[in-house]
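Here is what each chain is made of, one letter per residue.
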Amino acid sequence: MIKAVLFDMDGTLLDTEKVYYRCWRRAARETDFRGDIDADLLAFSGMNLQGCTAYFKGKYGADYDYDTMRALRDAYVDEALGLEGIRLSPGALECLEALRSMGILCALATSSPRPRAERYLQTLPIRPYLDAIITGEEVVHGKPHPEIFLRAAEKLGVSIGSCAVAEDSHNGVKAGYAAGAYTVMIPDMQPCTEDVERLLWRRLGSLSELPACIREENHIVR
């Protein structure tokens, strides 16, 4: 029985991942990055700051100036979202409202730092639906390690086996699966590959489909 849903933020609850990808590519161009940023995005998307730093230092050398590219990307993201606004992903509010009516707890489990997450949430109507928030700097191991989801379940006071994890990235899906949760992928910028599909409880087109899946699993008759 599913008692709670643990949501990723960027690309899952919020339609921000497209902006992130665009800004990573711009920052890579402007720092004369010599690697394949698109391949790297596939590898590190969903990781927290520590994980991304370790990824780049491990691949491109301990002396690689990742911090400069990251700072540029952050500045470009803030600029873009300031102009374009922060939008919810399709079906996000509908999903949260339906889960609340069913008595399902909800938590945000995001690799982003808390100040950024809180700043985004201030502009959106979804904060009251979130019973807990866990962010990237509050865990030792970022995604694809399961720690963030285990901590979120603990904060909600439920077992991870009674939680669904909603994710858009491969690293997030791996973390949800490793945690032992009902793992759901709503693909955004990353496709659902065969390897990832095997880790899933459900693959959905939008968050609006999630409540019906939980009703079915929990044998709730409308």
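Structure: above.
Cut-offs applied
- Along each chain, the written sequence defines residue order, and numbers are assigned to residues from 1.
- Reporting in this predicted model follows two pLDDT cut-offs: at least 70 for local features of residues, and 80 or more for side-chain atom pairs to be given and counted; totals over whole chains, interfaces and linings ignore these cut-offs and use all residues.
- Hydrogens are left out, water is left out, and the side-chain values use all remaining heavy atoms of the structure.
- Should a side-chain nitrogen of Lys or Arg be within 4 Å of a carboxyl oxygen of Asp or Glu, the pair is scored as a salt bridge.
- The helix and strand labels rest on DSSP assignments: H or I over at least four residues marks a helix, E over at least two residues marks a strand, and numbering proceeds from the N terminus.
- Burial classes: relative accessible area under 20% of the type maximum marks a residue as buried, over 50% as exposed, and values in between as partly exposed (1.4 Å probe, protein chains only).
- The criterion for strand pairing is that DSSP finds at least two bridges linking the strands in question.
- When the strands point away from the viewer and the path from the first strand over the helix to the second turns clockwise, the crossover is right-handed.
- Residues belong to one nonpolar core when they are buried, are Ala, Val, Leu, Ile, Met, Phe, Trp, Tyr or Cys, and are joined through side-chain atoms within 4.5 Å.
- Aromatic rings from Phe, Tyr and Trp, with only the six-membered ring used for Trp, were paired whenever their centres fell within 6.5 Å, and each pair was classed as stacked if the ring planes differed by under 30 degrees, edge-to-face if by over 60, and tilted otherwise.
- We count a charge as sitting over a ring when the NZ of a lysine or the CZ of an arginine lies within 6 Å of the ring centre and within 35 degrees of the ring normal.
- Lines fitted to C-alpha atoms define the axes, with helix axes restricted to the stretch in contact, and inter-axis angles between N-to-C directions lie between 0 and 180 degrees.
- Oblique is the label for any angle not under 35 degrees, not over 145, and not in the 65 to 115 range, which are roughly parallel, roughly antiparallel and roughly perpendicular in turn.
- Contact between two residues is taken to exist if any of their heavy atoms lie within 4.5 Å; hydrogens are not considered.
- Residues were grouped as follows: Ala, Val, Leu, Ile, Met, Phe, Trp, Tyr, Cys and Pro as nonpolar; Asp, Glu, Lys and Arg as charged; and all remaining residues, including Gly, as polar.
- Think of a polar contact as two N or O atoms within 3.5 Å of one another; within protein, one of them needs to be a possible hydrogen donor and the other a possible acceptor, and neighboring residues in sequence only count if both atoms come from side chains.

Undergrad: How should I be thinking about the pattern of salt bridges in this particular structure?
TA: Two side chains of opposite charge can pair, provided their charged atoms sit close to one another. Going through the model one piece at a time under the given rule, you end up with 22 salt bridges. Taking the shortest distance from any N to any O, the salt bridge between Asp-8 and Lys-143 comes out at 3.1 Å. Here the residue Asp-8 occupies a position in the loop between β1 (4-7) and α1 (17-30), and Lys-143 occupies one in the loop between β3 (132-134) and α7 (147-156), the gap between them amounting to 135 residues. A salt bridge links Lys-59 to Asp-40, with the nearest nitrogen and oxygen atoms 2.8 Å apart.

Undergrad: How should I be thinking about the environment of Pro-146 in this particular structure?
TA: Looking at the secondary structure, you find Pro-146 in the loop between β3 and α7. C-alpha separation for the pair Pro-146 and Lys-174, spaced 28 residues apart in sequence, amounts to 7.9 Å.

Undergrad: I keep staring at the pairing of strand β2 (residues 105-109) and nothing clicks. Help me out?
TA: Taken residue by residue, a regular strand's side chains alternate between the two faces of the sheet. For β2, a buried count of 4 out of 5 residues is recorded, marking the element as mostly surrounded by other parts of the structure. Pairing geometry for β1 and β2, over 4 bridges, is parallel. Paired with Val-5 across the strands is Cys-106, a residue of β2. Inspection of the sheet shows β2 paired to β3 by 3 bridges, in the parallel sense. In the sheet register, Leu-108 faces β3, and the bridge partner there is Ile-133. Between the parallel elements β2 and β3, the chain passes through helix α6 (residues 114-122) in a crossover that is right-handed.

Undergrad: How should I be thinking about the nonpolar core in this particular structure?
TA: Counting residues in hydrophobic clusters, the biggest one holds 56 residues, and the most contacted among them are Val-5, Phe-7, Leu-13, Phe-56, Met-69, Leu-99 and Leu-210. Here the element with the most residues in this core is α1; it accounts for 7 residues. The next biggest cluster of nonpolar side chains, apart from the first, holds 19 residues, and it includes Ala-132, Val-139, Phe-149 and Leu-156.

Undergrad: How should I be thinking about the packing of aromatic side chains in this particular structure?
TA: For any pair of aromatic rings, the description rests on two quantities: the centre-to-centre distance and the angle between the ring planes. Per the counting criterion, the structure on display carries 14 aromatic pairs. Consider the rings of Trp-24 and Phe-44, whose centres lie 5.1 Å apart with planes at 70°: the pair is edge-to-face. Of this pair, Trp-24 sits in helix α1 while Phe-44 is found in helix α2 (residues 37-44), placing the two residues 20 residues apart along the sequence. What makes Phe-44 buried here is its relative accessible area of 3%. Among the aromatic side chains, those forming a connected cluster through ring pairs are Trp-24, Phe-33, Phe-44, Tyr-55, Phe-56, Tyr-60, Tyr-64 and Tyr-66. Over the ring of Tyr-76 we find Arg-26; its NZ or CZ atom is 3.7 Å from the centre of that ring.

Undergrad: Help me out: how do you make sense of the packing of helix α5 (residues 92-101) against helix α10 (residues 210-218) in this one?
TA: What describes two packed helices is the angle between their axes and the distance between those same axes. Look at α5 against α10: their axes get within 9 Å of each other, and the N-to-C directions meet at 25°. Viewed along their axes, α5 and α10 adopt a mutual orientation that is roughly parallel. Taking contact as the criterion, the partners of Cys-95, Ala-98 and Leu-99 in α5 are, on α10, Leu-210, Pro-211, Ile-214 and Arg-215. Across the contact of α5 with α10, the residue classes break down as 6 nonpolar, no polar and 1 charged.

Undergrad: Can you help me understand the sheet that holds β3 in this one?
TA: Backbone-to-backbone hydrogen bonds join strands into a sheet, with any given pair of strands oriented parallel or antiparallel. A sheet is described by the order of its strands in space; here 6 strands give the open sequence β3-β2-β1-β4-β5-β6, paired in parallel fashion. Edge positions in the open sheet fall to β3 and β6 (202-203), since each of these has one partner strand only. Bridge analysis of β1 against strand β4 (residues 163-167) gives 4 bridges, and the strand direction is parallel. Note that in β4 the partner of Val-5 across the bridge is Ala-164. With respect to the sheet, α6 is in contact with β2 and β3, its orientation differing from that of β3 by roughly 140°.

Undergrad: Would you mind going over the environment of Gln-190 with me for this structure?
TA: Secondary-structure assignment places Gln-190 in the loop between β5 (182-185) and α9 (194-197). Beyond its immediate chain neighbours, meaning those up to four positions away, Gln-190 contacts Tyr-21, Leu-41, Leu-42, Ser-45, Asp-168, Ser-169, His-170 and Met-185. Within the structure, the side chain of Gln-190 is placed 3.0 Å from the backbone nitrogen of His-170, a separation counted as a polar contact.

Undergrad: I'm lost on the side chain of Glu-147 in this one. Help?
TA: Position of Glu-147 relative to the elements: it lies in helix α7. Setting aside residues no more than four positions away along its own chain, Glu-147 makes contact with Val-139, Val-140 and His-141.

Fair warning: the whole summary comes from geometry, so function is off the table for now.
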